[in-house]
Amino acid sequence: MELDKYLQMLKSSLKEKKDEVIKSLNTEYERLLKNRLNELEEVKRKILKELS
């Protein structure tokens, strides 16, 4: 039965770590997307300026 408790704790800990990693990845991905969007907006602005 001790082994079951240990395995349950391990499973719980791994789930917490997995959730932390996913959250961190999502945050980083969102940051990269925002940066890319800003870059594209800047390109758009320059093109529109040249066209006018």
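Quick note: structure is the one above.
Residues numbered from 1 in each chain as written. Predicted model: local features only at pLDDT ≥ 70, side-chain atom pairs only at ≥ 80, totals over all residues. Heavy atoms only, no water.

A. Examining the overall build of the chain more closely. Looking only at helices and strands, one finds one helix and zero strands in the chain. For 52 residues, the compact-globule estimate of 2.2 N^0.38 gives 10 Å, and the chain exceeds it by more than 25% at 22 Å. Over its C-alpha atoms, taken along the principal directions, the chain stretches across nearly 75 × 10 × 5 Å. The buried share of the chain, taken over its 52 residues, is 0%. As displayed, the chain has an accessible area near 5500 Å², and 61% of this comes from carbon and sulfur atoms. Charge separation in the chain, taken as the distance between the mean sites of 13 positive and 11 negative side-chain charges, equals 4 Å. (Helix = DSSP H or I, 4+ residues; strand = E, 2+ residues; numbered from the N terminus. Rg over C-alpha atoms; globule rule 2.2 N^0.38 Å. Buried < 20%, exposed > 50% of the residue type's maximum accessible area, 1.4 Å probe, protein only. Areas by Shrake-Rupley, 256 points an atom, 1.4 Å probe, with all protein chains shown as cover. Lys, Arg positive; Asp, Glu negative; His and termini not counted. Charge placed at Lys NZ, Arg CZ, Asp CG, Glu CD.)

B. Structural context of the pattern of salt bridges. Throughout the structure, instances matching the rule amount to six salt bridges. When the shortest N-O distance is used, the salt bridge between Asp 19 and Lys 15 registers 3.0 Å. Taken as a pair, Asp 19 and Lys 15 lie in helix α1 (residues 2-51) at a separation of four residues, close to a single helical turn. A residue is classified by how much of its surface remains accessible, and Asp 19, at 36% relative accessible area, is partly exposed. (Salt bridge = Lys/Arg side-chain N within 4 Å of Asp/Glu carboxyl O.)

C. Representation of a nonpolar patch on the surface within the structure. Together, Leu 3, Tyr 6, Leu 7, Leu 10 and Leu 14 line one region of the surface with nonpolar side chains, adding up to about 510 Å² of accessible area. Residue Leu 14 is classed as exposed on the basis of its relative accessible area, which comes to 55%. (Patch = residues over 30% accessible without salt bridge, like charges linked within 9 Å, V, L, I, M, F, W, Y side chains within 5 Å.)

D. Up close: the environment of Lys 5. Within the fold, Lys 5 resides in helix α1. As a C-alpha pair, Lys 5 and Leu 25 span 20 residues in sequence and 30 Å in three-dimensional space.

From the geometry alone we can't say anything about function, so treat these as descriptive.
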